[in-house]
Amino acid sequence: MSLADLTFDRWRSLDPAAAGRIAHEAAAQVGGRVVLLDAVEHLGGALHRVRIEREGLEFALIPGGTVRLGFDADAFAATPAQSADYAESVDEGYGYGHPDLKSYLADVLSPLRTATPATVLMAVEAEALSDHPSGMPDALAARGLRMPSADEWEHACGAGAGTLFRWGNECPLDEPSYGGSGGVRHEPNAFGLHIAYDSYGTELSGDPAAVHGGDGGEAVCGGYGDLLGWLPLAIANRNPYMAEFVYGPEGEGMYEEFSTRPVLSLR
């Protein structure tokens, strides 16, 4: 079986020995070495986690296959605190004109759907752009890397969770969504990635209509409200308004403020 065709469900069914063999095969393919092989509790069962070091960077194994992505805003049941906080934001003139939280979420998050990403290795940490977004594919290709697709990024972040955030549907509204080094947002996700942890971050994928993992601090600096400050960390965050800024003339000279998460393809 091709490693690229390994499915998330198949990966979850493997015993530790079989997972280890696949981990070392993936490392050999890319000229790297396995530096971590463990398992965590996820979605009611064990999920193997693999980290592979290659040329000074660590990558996590992200099994693919047909997966469910996006967020069903209509089915979302906000907590009273979330609803009240959003209502305060609307009263202050924020929320892009959406009178209720569900319509706001439907606007800034990707829709519910299925996709079939390949299994890949994805960088544990994002790295700052070294060129304008249009030049990054060539810059990464020179290192044997590429940008993730938007679907790959979202799947890697959520690991099949299906919730608003990678840790669940709620966020600590009384805590900041940026800075620091502790709290649920700084914990590695189910695949071992340090991802969607600081709303001041802005990760780019191959989709110029989307940004991921943060909004550059727009909501926090603008005083949009606590929940709106956390929502850029949502798994399905695409925020087309921020993407328009990043890829438009206003963001032209700010590329070093943005980042991407390099990917190594497997075969």
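Check the entry above for the structure.
Rules used in this analysis
- Residues numbered from 1 in each chain as written.
- Predicted model: local features only at pLDDT ≥ 70, side-chain atom pairs only at ≥ 80, totals over all residues.
- Heavy atoms only, no water.
- 1 Å grid on protein atoms, 1.4 Å probe; cavity = no way out; pocket = protein on both sides within 12 Å on 5 of 7 lines; lining within 4 Å.
- Points joined across faces, edges and corners; volume = space filled by probe spheres on them.
- Helix = DSSP H or I, 4+ residues; strand = E, 2+ residues; numbered from the N terminus.
- Nonpolar A, V, L, I, M, F, W, Y, C, P; charged D, E, K, R; others polar.
- Pairing = 2+ DSSP bridges.
- Buried < 20%, exposed > 50% of the residue type's maximum accessible area, 1.4 Å probe, protein only.
- Salt bridge = Lys/Arg side-chain N within 4 Å of Asp/Glu carboxyl O.

Any details on the layout of surface pockets? Residues and values, ideally.
The volume enclosed by the largest pocket comes to roughly 330 Å³. Taken together, 23 residues make up the lining of the largest pocket; nearest its centre are Arg68, Gly70, Ala161, Gly162 and Thr163. Listed by contribution, the elements that provide at least two residues to the lining of the largest pocket are β4 (67-69) and α6 (150-158). For the lining of the largest pocket, the residue count by class is 13 nonpolar, 7 polar and 3 charged. Considering only enclosed or pocket space, the second largest pocket measures out at about 190 Å³ in volume. Lining the second largest pocket we find 14 residues, and of these Ala126, Tyr197, Gly201, Glu203 and Ser259 sit closest to its centre. Here the residues of the lining of the second largest pocket are counted per class, giving 4 nonpolar, 5 polar and 5 charged.

Now, about the sheet that holds strand β8 (residues 203-204): what can you tell me, with residues and values included?
Taken together, the 3 strands give an open sheet; going across it, the order is β7-β9-β8, and neighbouring strands pair in mixed fashion. Two strands bound the open sheet, and with one partner strand each, they are β7 (127-128) and β8. Looking at chain direction, β8 and strand β9 (residues 259-260) are connected through 2 bridges and run parallel. Residue pairing in the sheet places Leu204 in a bridge with Thr260 of β9.

An account of the environment of Gly93 is needed here, citing residue identities and associated values.
With respect to the helices and strands, the residue Gly93 is situated in the loop between α3 (80-91) and α4 (101-108). What makes Gly93 exposed here is its relative accessible area of 63%.

An account of the pattern of salt bridges is needed here, citing residue identities and associated values.
A complete count under the given rule lists 12 salt bridges for this structure. One salt bridge in this structure joins Arg113 and Asp151, with 2.8 Å as the shortest N-O distance. On the criterion of sequence distance, the pair formed by Arg113 in strand β5 (residues 113-115) and Asp151 in helix α6 is long-range, its members being 38 residues apart. When its relative accessible area of 22% is taken as the criterion, Arg113 is described as partly exposed. The partly exposed category is assigned to Asp151, whose relative accessible area is 26%.

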